[in-house]
Amino acid sequence: MDGRDCVKSATDCPHASAQRPLPCAQEAARQRFVEHGDIYTADPEARDLICHSPIASVVSNPRLPDNPLIACNQSFIDLTGYSEEEIIGRNCRFLSGPGTEPWLTEAIREGVREQKAVLVEILNYKKDGTPFRNAVVVAPVFDDDGELAYFHGSQIELEEGAESPMVTRRARAAEKLKDLSKRQFEVLQMVAAGLRNKQIAYELGLSEKTVKMHRGLAMEKLGAQSSADMIRLAVEAGV
Ligand SMILES: Cc1cc2nc3c(=O)[nH]c(=O)nc-3n(C[C@H](O)[C@H](O)[C@H](O)COP(=O)(O)O)c2cc1C
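What you see is a predicted model, and the numbers here were worked out from it, not measured in a lab.

Trainee: Tell me about the overall build of the chain, and name the residues and values.
Mentor: The number of helices and strands found in the chain is eleven helices and five strands. Counting every position in the chain, which comprises 239 residues, the buried fraction comes to 35%. Considering only residue pairs separated by 6 or more positions, the chain has 53% of its internal contacts joining residues 24 or more positions apart.

What follows is the structure, given as structure tokens:
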């Protein structure tokens, strides 16, 4: 047994001792991902969620203590100025700072608590201290058994003072959704709620193959390059 098996809580950990009080908790989880270096081998599924996205994106693992980030893409690194080593293993609160609106942070916290997708435009900070207005979507992703597996986050920098690109993005998202068939829309709603193909198939009384087909077509029509982008679009459109 190593730190990998001991991520439930520090106090549960049989390896804890007076000398090394937290060998298996948050820091061990962080070290593990940092030491592995290659986030893409750490959790291929998390990687697949976001790697094709042109939008800054992260994935967190709520099964680990303090819900740390387990994957990020290059756009997130470019946006925030943090390196992969500084990102992986940490809770995403490192983006917040003195001017961050507590009520918006609370909205994200509530979404995480209730396992529901949220979109907020919150003041965040880059590594060099530059503040930026971040239109962030945080959404749950469930596993095949319907258990919470990940949170996906995607961040878009808004220009302060300029006409909000979110207005345009929302309008465009709503427009794109009109191209979907009723079935494709239903599938999108469930994808946006974090459901897997298996669960969607069950809910809609369809085969998984048919769900995959509708999902693929919806993705194509929406011009989404990853499931995460599709979720973001749905949240932006208020689905
Ligand atoms: C996947 C994911 C992405 C997040 N992205 C952001 C973000 O971009 N900006 C932000 O201010 N908070 C973000 N959060 C919320 C923070 O991780 C954290 O929950 C929040 O700052 C509250 O911190 P607290 O737990 O110290 O109160 C994200 C959370 C998750 C799970």
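Trainee: I'd like a description of the sheet that holds strand β1 (residues 56-60), backed by residues and values.
Mentor: Strand order across the open sheet formed by five strands is β2-β1-β5-β4-β3, with antiparallel pairing between neighbours. The strands lining the two open edges of the sheet, one partner per strand, are β2 (69-72) and β3 (118-125). Here the average twist between neighbouring strands, direction ignored, is 30°. Bridge analysis of strand β4 (residues 131-142) against strand β5 (residues 148-158) gives ten bridges, and the strand direction is antiparallel. By the bridge assignment for β5, Val 137 is matched with Ser 154.

Trainee: Could you give an account of helix α11 (residues 227-236), with specific residues and numbers?
Mentor: In terms of burial, α11 is a largely internal element, nine of the ten residues being buried. If you check which residues of α11 are buried, you get Ala 228, Asp 229, Met 230, Ile 231, Arg 232, Leu 233, Ala 234, Val 235 and Glu 236.

Trainee: A description of the packing of helix α8 (residues 182-192) against α11 should follow, citing residues and the corresponding values.
Mentor: Axis separation between α8 and α11 bottoms out at 9 Å; the angle between their running directions is 100°. Taken together, the axes of α8 and α11 are roughly perpendicular relative to one another. Each of Leu 188, Val 191 and Ala 192 in α8 lies in contact with α11, whose residues at this interface are Ser 227, Met 230, Ile 231, Ala 234 and Val 235. Grouping the amino acids of the contact of α8 with α11 by side-chain chemistry returns seven nonpolar, one polar and no charged.

Trainee: Break down the site of the ligand for me, citing the residues and quoting the values.
Mentor: The full set close to the ligand counts 21 residues, and Cys 92, Arg 93, Val 136, Phe 151 and Gly 153 are the nearest of them. Mapped by element, the contributors of at least two residues to the shell around the ligand are β1, α6 (102-114), β3, β4 and β5. Of the residues forming the shell around the ligand, the biggest block, four residues, is contributed by α6.

Trainee: Explain the nonpolar core to me, and be specific about the residues and the numbers.
Mentor: Counting residues in hydrophobic clusters, the biggest one holds 48 residues, and the most contacted among them are Val 59, Leu 69, Ala 71, Val 191, Met 230, Ile 231 and Ala 234. Split by domain, the residues of this core number at least three in each of domain 1 (3-162) and domain 2 (168-236). Sequence-distant contacts of Ile 231, defined by excluding residues within four places in its chain, comprise Ala 117, Ala 139, His 152, Val 191 and Ala 192.

Trainee: How would you sum up the pairing of β1? Please name residues and give values.
Mentor: Among the five residues in β1, five count as buried, and that is most of the element. By the alternation rule, side chains of β1 split into Ala 56, Val 58 and Ser 60 and Ser 57 and Val 59, which are all buried. Across five bridges, the pairing between β1 and β5 is antiparallel. Following the sheet pairing, Ser 60 is matched in β5 by Phe 151. When β1 meets β2, the two strands line up antiparallel, connected through three bridges. Bridged to Ser 60 within β2 is Leu 69.

Thresholds, definitions, all that
- Residues numbered from 1 in each chain as written.
- Predicted model: local features only at pLDDT ≥ 70, side-chain atom pairs only at ≥ 80, totals over all residues.
- Helix = DSSP H or I, 4+ residues; strand = E, 2+ residues; numbered from the N terminus.
- Buried ≥ 20, exposed ≤ 12 C-beta atoms within 10 Å, placed from the backbone.
- Contact = placed C-beta atoms within 7 Å.
- Pairing = 2+ DSSP bridges.
- Axes fitted to C-alpha atoms, helices over the stretch in contact; angles between N-to-C directions.
- Parallel < 35°, antiparallel > 145°, perpendicular 65-115°, else oblique.
- Nonpolar A, V, L, I, M, F, W, Y, C, P; charged D, E, K, R; others polar.
- Near = placed C-beta within 6 Å.
- Core = buried A, V, L, I, M, F, W, Y, C linked by C-beta atoms within 7 Å.
- Domains from an automatic or database assignment.

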